[in-house]
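In case you want the letters, here they are:
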Amino acid sequence: DHGYPHDELLPLSCEGRRWDARKRGTLDDSLGGYMMTLVDGVDTQLVVGDHEAFARSLDIITSEVSFDRDVSISTFEATIRVLGGLLSAHYLVTEPVLRPAILRAAANSTLDASPVDTRKRWARELKGLAADLGARLLPAFRTPTGIPAHRVNLRRGLLSDESRETCAA
C-alpha cells in the first residue's frame, strides 16, 4: 500500500518512486508509470496464500495499468519485471491445477461478478496487457544483432536519438 500507485517503493521513506519525477538520470529508466513492483510481485501473493491481496492486486492491475504512455523505459527491466509479471500472473490464473486457489482468491475480488467470471476476466485482461506491452517492446529488438536496444519509448518505439548499437559479446 505504501508505494501504490507508483513503480517502486523507496525503502527508507516507504514512499513511492514516481515515474515522472526522475531523480537518478538513466537509473530511473525502469520506471514507466505502470505499477512495476505490484505487477512484478503479484504472483508471490498467491504463492504465499494471501488470496485477498492477490485479488486486490489483480483487480488494480487489470483495471488501472496502461502502457499507452509517452515514456522511454528500460527494455530489460520492462521485459523481466512487467511482461514477466503479467505472464506469470496469467499462467497462475489459467492453470487448471490452481483453479481452487484462484477461485478462493476471486471470491475476494471487488469486481461485481462471480468467482468464475472474475477468473475469466483476469485471464483475458492479463493476456491483453501482456500482448500490448510485448508489441510496444518489439521495436527495441529490431537491431542489427537482434539484441535489444537499451531503451524504448512505449508510445513511439525506438527514438531517433536512441542507439541501435548493441554488443553481441
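Rules of the game
- Residues numbered from 1 in each chain as written.
- Predicted model: local features only at pLDDT ≥ 70, side-chain atom pairs only at ≥ 80, totals over all residues.
- Heavy atoms only, no water.
- Axes fitted to C-alpha atoms, helices over the stretch in contact; angles between N-to-C directions.
- Helix = DSSP H or I, 4+ residues; strand = E, 2+ residues; numbered from the N terminus.
- Parallel < 35°, antiparallel > 145°, perpendicular 65-115°, else oblique.
- Contact = heavy atoms within 4.5 Å.
- Core = buried A, V, L, I, M, F, W, Y, C linked by side-chain atoms within 4.5 Å.
- Buried < 20%, exposed > 50% of the residue type's maximum accessible area, 1.4 Å probe, protein only.
- Polar contact = N/O pair within 3.5 Å; in protein donor to acceptor, adjacent residues only side chain to side chain.
- Salt bridge = Lys/Arg side-chain N within 4 Å of Asp/Glu carboxyl O.

Visitor: Describe in detail the packing of helix H4 (residues 99–106) against helix H5 (residues 115–137), supporting the description with residues and values.
Guide: A packed helix pair is summarised by two numbers, namely the angle formed by the two axes and the spacing between the axes. Direction vectors running N to C along H4 and H5 enclose 100 degrees, while the axes themselves pass 8 Å from each other. It follows that H4 is roughly perpendicular to H5 by the angle criterion. Along its contact with H4, which presents Arg 99, Ile 102, Leu 103, Ala 105 and Ala 106, the element H5 presents Pro 115, Val 116, Thr 118, Arg 119 and Trp 122.

Visitor: Report on the nonpolar core, specifying residues and quantitative values.
Guide: Judged by nonpolar contacts, the single largest core of 37 residues is most densely connected at Tyr 34, Phe 54, Leu 86 and Trp 122. Where this core is concerned, the elements lending two or more residues are helix H1 (36–47), helix H2 (51–64), helix H3 (75–94), H4 and H5. Ignoring any residue separated from it by four or fewer positions in sequence, one finds Trp 122 in contact with Phe 54, Ala 55, Leu 58, Asp 59, Thr 62, Val 93, Ile 102, Ala 105, Ala 106, Ser 109 and Leu 111.

Visitor: I'd like a rundown of the environment of Ser 63, residues and numbers included.
Guide: Here Ser 63 is to be found in helix H2. A C-alpha to C-alpha distance of 8.3 Å links Ser 63 and Glu 125, two positions 62 residues apart in sequence. Engagement of the side chain of Ser 63 in a polar contact is seen with the backbone oxygen of Asp 59, the distance being 2.6 Å.

Visitor: Describe the pattern of salt bridges, with residues and values.
Guide: Applying the stated criterion to the full structure yields 7 salt bridges. One salt bridge in this structure joins Arg 155 and Asp 68, with 3.0 Å as the shortest N-O distance. Of this pair, Arg 155 sits in the segment after strand S4 (151–153) while Asp 68 sits in the loop between H2 and strand S3 (72–74), placing them 87 residues apart in sequence. Exposure remark for Arg 155: the relative accessible area of 45% places this residue in the partly exposed category.

Visitor: Explain the environment of His 51 residue by residue, including any values.
Guide: By the element assignment, His 51 lies in helix H2. The spacing of His 51 and Asn 108 is 57 residues in sequence and 7.2 Å in space, taken between C-alpha atoms. Aside from chain neighbours lying at most four places away, what touches His 51 is Leu 46, Ala 101, Arg 104, Ala 105 and Asn 108.

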